[in-house]
Every structure is written in structure tokens, then in C-alpha cells.
Amino acid sequence: MKSTLSLLSLSLSTLPLAHAGTTLWSGLFNETFTVENFDKWSWSSQIPPYQWYIHGTESTSHYLSLSDTFKNPNSTLVGDEQGLKTTLDNTSSWNGQSMMRTELIPQVESGAGVDIGSGKLYYHFSLAVNEEGFPNEDIEHQVAFFESHFTELKYGGSSDVSSNLTWYANSAAQWGTELVAGEWYNFAYGIDFDNGGVELYASTGAEELELVVDAVEASAQSNGQDWHVGVLRLDNGVDGGEEAWYWGGVYVEEGDVSLEV
Ligand SMILES: *[C@@H]1O[C@H](CO)[C@@H](O)[C@H](O)[C@H]1NC(C)=O
Ligand SMILES: *[C@@H]1O[C@H](CO)[C@@H](O)[C@H](O)[C@H]1NC(C)=O
Ligand SMILES: *[C@@H]1O[C@H](CO)[C@@H](O)[C@H](O)[C@H]1NC(C)=O
Ligand SMILES: *[C@@H]1O[C@H](CO)[C@@H](O)[C@H](O)[C@H]1NC(C)=O
């Protein structure tokens, strides 16, 4: 009895406030997470939480850095102790491609039976940019996209309003908001993999997530390792300059959606 009680109080105290669903995969950066951890992942050693192979030729620390000053200061998630700064510059060509890319991919625990590509799931993330390293508005960016692009954010270039961060589902612009330096944008893609739909939850700063776009029909699919947490910029021969994008609160939830950020 005593051990049951202490176990209960432990698990209650470590649960995030008002966390509604069950976390299937967590890409939060806790206080012990270091940049060296990203390099421990390889195809022959697939350790969670991230695959790290889509990047340029410089060392990992050129593209990724972690700090408690890089996260949404209003995050209430337990374990969301650091934020990730991703750098994109003219060295960020992967595999000789003419686009620049700095992207992480979720890695689930192998053999644990975790499937982040079926059912109704919520893909949570928060992002920000600053004055320094503000993204180049002239060039299209694809952000937080799945391989088949059934849901993604876009910024710049050919996107509907180039100064907006715009949500696309099924290749059509559905919603947008002006991308402002220093503002934290919180999102959740509500993805129905079984019935083919995706909805958007969004907020800024400390605000709770709100459903901003009802389910849009889309060919929602994932092999569980094709969500790109990061940015792809279509330089195609021009030098788009150096950019920094900040990330935090990245996790995949099943059940009821948590609106608290
Ligand atoms: C911190 O995060 C790492 C990587 O996700 C995880 O392996 C570790 O268990 C976490 N530590 C704590 C104290 O939660
Ligand atoms: C959000 O974070 C800022 C910066 O730390 C802080 O000043 C503000 O009080 C926070 N707002 C809420 C609602 O927690
Ligand atoms: C662009 O952002 C503004 C400001 O948030 C918003 O009112 C507008 O609807 C957005 N436009 C598009 C096409 O996303
Ligand atoms: C890449 O960027 C660096 C730093 O801004 C600059 O010195 C260099 O000329 C650029 N290289 C190319 C090929 O554009």
C-alpha cells in the first residue's frame, strides 16, 4: 500500500499540468540533453528520440545547439527544459541537393510497438525566429513537413503571403499568421491517419492551443520516420543567407489533445 501510494504521488508530480492525452513519443530536450546526443544516432544504432542525418557538411554543433534560452519561456511541459536552435546556411546542402536542409526526424524506441503513423494523433511543436537569423522572405521554406507534404508550414517565396507562416494541408494554403521575430508559435497537427484528415491547433506565447482549422481531407500517411522537424529552403543556386529557427515542445500525443503549451 505504501509503495503504491508513493508511486502514485511520484507519477502525479511528474505529469505535465493538464496533460490530456498519452505521449507516444517525446522529442523534448530535458536538462541532461546535449548536442552530442544527436550524433549517437545512426542507421545501425537507432536510439530515440531523433534521427539526425539530413544536414550539410559541417559538424553537428554548427547546425544544432541547445539552451534554456532557446525554448518557449511560457512552456509548462515537464522535461521541456531546453530549446533547440537549428541553423541553416549555404553549407546546408544534404546529399548534393540544391536546397538547404537542417531537419530532425522522430526516432521511436525500436521493438517497443510504438506506432506514430496510425489512429488519431496530435503532433505538437513550438517554433520561433529572431531578428538575428530571420528567414529570407524571398525563398520558399518548408517547415515541420511530412515526406508526402500532406501537412506542413511554409514561409517565403511562393507561399500565399510570403511574410506569413502559412499552414498547408493537401497542397493548399489553409491558414496563416505573420511571422514576427521573438514570438513563439505553438502548433499541433491533429492527424487522422485512419480516415485521412488533418486539423490545425495554434496559439502564440503562453496561450492555450485553439482549433484554428477544422479537419481538412488529406492523404495522411507516415511510416513513423518521415516527419521533418526542421526547415528545408529552396535556394536552388542563390545564397539564401544564414538563418536560425528555434524549436521546443515537440511530442506526439494520442487520446485527447493537450491545449496547454
Ligand atoms: C532526458 O531525455 C533523454 C532523451 O530523450 C532521455 O533518454 C532521458 O531519460 C531523459 N531524462 C529524464 C530525467 O527524463
Ligand atoms: C511568459 O514568459 C515571459 C518571459 O519569461 C514572462 O515574462 C511572462 O510572465 C510569461 N507569461 C506567462 C503567462 O506565464
Ligand atoms: C496572413 O497573416 C495575417 C495576419 O495574421 C492574417 O490575417 C491573414 O489571414 C494571413 N493570410 C494568409 C493567406 O494566410
Ligand atoms: C556562403 O556564405 C558565406 C558567409 O556568408 C560567404 O562568405 C560565402 O561566399 C557563401 N558561399 C557561397 C557559395 O555562396
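An unreviewed UniProt entry lists the protein chain under the name Glycoside hydrolase 131 catalytic N-terminal domain-containing protein, with Aspergillus mulundensis as the source organism.

Lay out the overall build of the protein chain with the relevant residues and their values.
Helix and strand counts for the protein chain come out as 3 helices and 15 strands. Over its C-alpha trace the protein chain gives a radius of gyration of 18 Å, about what one expects of a compact globule, namely 18 Å for 261 residues. Within the protein chain, the fraction of its 261 residues that count as buried is 52%. Pairs at least 24 residues apart make up 65% of the contacts formed inside the protein chain by residues separated by at least 6 positions. Of the roughly 11600 Å² that the protein chain leaves accessible, carbon and sulfur atoms contribute 47%. The average position of the 8 basic charges and that of the 38 acidic charges among the side chains of the protein chain differ by 7 Å.

Outline the site of ligand 2, supporting the account with residue identities and numerical values.
All residues in the neighbourhood of ligand 2 are listed as P73, N74 and A206. Expressed as a share of its isolated accessible area of 360 Å², the protein-covered part of ligand 2 is 26%.

So what's going on with the UniProt feature "domain: Glycoside hydrolase 131 catalytic N-terminal" (unreviewed entry) in the protein chain? Which residues, and what values?
The residues that UniProt annotates with the feature "domain: Glycoside hydrolase 131 catalytic N-terminal" (unreviewed entry) are residues 24-255. Secondary structure content for residues 24-255 is 4% helix and 44% strand, and the end C-alpha separation is 10 Å.

Help me get a handle on the environment of R101, residues and values and all.
Counting through the fold element by element, R101 comes out in strand β5 (residues 100-106). Along the sequence, R101 and N90 sit 11 residues apart, while their C-alpha atoms lie 9.6 Å from each other. Those residues in contact with R101 that lie beyond four places of it in its chain are I54, H55, G56, L88, S92, W94, F145, H228, V231 and L232. Here Q97 takes part through its side chain, which lies 3.0 Å from a polar atom of the side chain of R101.

So what's going on with the environment of L234? Which residues, and what values?
Looking at the secondary structure, you find L234 in the loop between β14 (227-233) and β15 (243-254). L234 sits 137 residues away from Q97 along the chain, and the two C-alpha atoms are 9.7 Å apart. Residue contacts for L234: discarding those within four places in its chain leaves M99, I139, E140 and Q142.

Account for empty space enclosed by the protein, with residues named and values stated.
Empty space left among the atoms is revealed by rolling a probe the size of a water molecule over them. Overall, the coordinates contain 2 cavities of 30 Å³ or more when judged by the stated rule. Quantified by volume, the largest cavity comes out at close to 90 Å³. Elements that contribute at least two residues to the lining of the largest cavity include exactly β6 (120-128), β11 (185-192) and β15. Sort the elements by how many residues they give to the lining of the largest cavity and β6 lands first, with 3 residues.

Before we move on, can you summarise the pairing of β14 with the specific residues and values?
By the criterion of burial, β14 is predominantly enclosed, with 7 of the 7 residues buried. Two elements, β5 and β14, share 5 bridges in a ladder whose sense is antiparallel. When the bridges of β14 are listed, E103 appears paired with G230. As paired strands, strand β7 (residues 141-146) and β14 are joined by 5 bridges and run antiparallel to one another. Following the sheet pairing, H141 is matched in β14 by R233.

Let's hear about the sheet that holds strand β8 (residues 151-155): which residues, and what values?
Strand order in the open sheet formed by 7 strands is β2-β5-β14-β7-β8-β9-β10, with antiparallel pairing between adjacent strands. Of all strands in the sheet, those bounded by a partner on one side alone are β2 (50-54) and β10 (172-178). Strand after strand, the sheet turns through a mean of 15° between neighbouring axes, direction not considered.

Describe in detail the packing of aromatic side chains, supporting the description with residues and values.
Using the criterion set out here, one finds 26 aromatic pairs in the structure. With a centroid separation of 6.4 Å and an interplanar angle of 70°, the aromatic rings of F146 and F193 are classed as edge-to-face. Of this pair, F146 sits in strand β7 while F193 is found in the loop between β11 and β12 (197-204), placing the two residues 47 residues apart along the sequence. Note on accessibility: F146 and F193 belong to one class, buried. Ring geometry for W175 and F187: centres 6.1 Å apart, planes at 85°, overall edge-to-face. Linking W175 in strand β10 with F187 in strand β11, this pair joins segments that are 12 residues apart in sequence.

Calculation notes
- Sequence positions are assigned chain by chain, starting from 1 and proceeding in written order.
- All chains are assigned letters beginning at A, and all ligands numbers beginning at 1, according to the order in which they are written.
- With the structure being a predicted model, the display of local features is reserved for residues of pLDDT at least 70 and the display and counting of side-chain atom pairs for 80 or more, all residues being used for whole-chain, interface and lining totals.
- Side-chain calculation: all heavy atoms of the structure are included, whereas hydrogens and water are not.
- The helix count covers DSSP runs of H or I at least four residues long, the strand count covers runs of E at least two residues long, and both are numbered beginning at the N terminus.
- Two things to know: the radius of gyration comes from C-alpha atoms, and the globule rule equals 2.2 Å times the number of residues to the power 0.38.
- Working definition: with a 1.4 Å probe on protein chains only, accessible area under 20% of the residue-type maximum means buried, over 50% means exposed, and in between means partly exposed.
- Here, two residues are considered to be in contact whenever any of their heavy atoms come within 4.5 Å of each other.
- Throughout, the Shrake-Rupley method with a 1.4 Å probe supplies accessible areas, and for residues the shown protein chains are the sole cover considered.
- Counted charges follow a simple rule, with Lys and Arg positive, Asp and Glu negative, and His plus the chain ends left uncounted.
- By convention, charge coordinates are those of NZ in Lys, CZ in Arg, CG in Asp, or CD in Glu.
- Distances are taken per atom, and a residue is near a molecule or strand as soon as one of its heavy atoms is within 4 Å of it.
- UniProt positions are given in the numbering used here, feature names are shortened, and annotations may be inferred rather than shown by experiment.
- For the purposes of these results, a polar contact is taken to be a pair of N or O atoms within 3.5 Å, where, inside protein, one atom must be able to donate a hydrogen and its partner to accept one; residues adjacent in sequence count only when each atom of the pair is a side-chain atom.
- A cavity here means a set of 1 Å grid points, computed over protein atoms only, where a 1.4 Å probe fits but cannot escape. A pocket is an open set with protein on both sides within 12 Å along at least 5 of 7 lines, and lining residues have an atom within 4 Å of a point.
- Grid points are joined across faces, edges and corners, and a volume is the space filled by probe spheres set on the points.
- Note on pairing: two strands pair once DSSP finds at least 2 bridges between them.
- In this analysis an axis means a line fitted to C-alpha atoms, helices contributing only their contacting stretch, and an angle means the value between N-to-C directions, from 0 to 180 degrees.
- Each Phe, Tyr or Trp ring (for Trp, its six-membered ring) is paired with any other whose centre lies within 6.5 Å, and the angle between the two planes then decides the class: stacked below 30 degrees, edge-to-face above 60, tilted in between.

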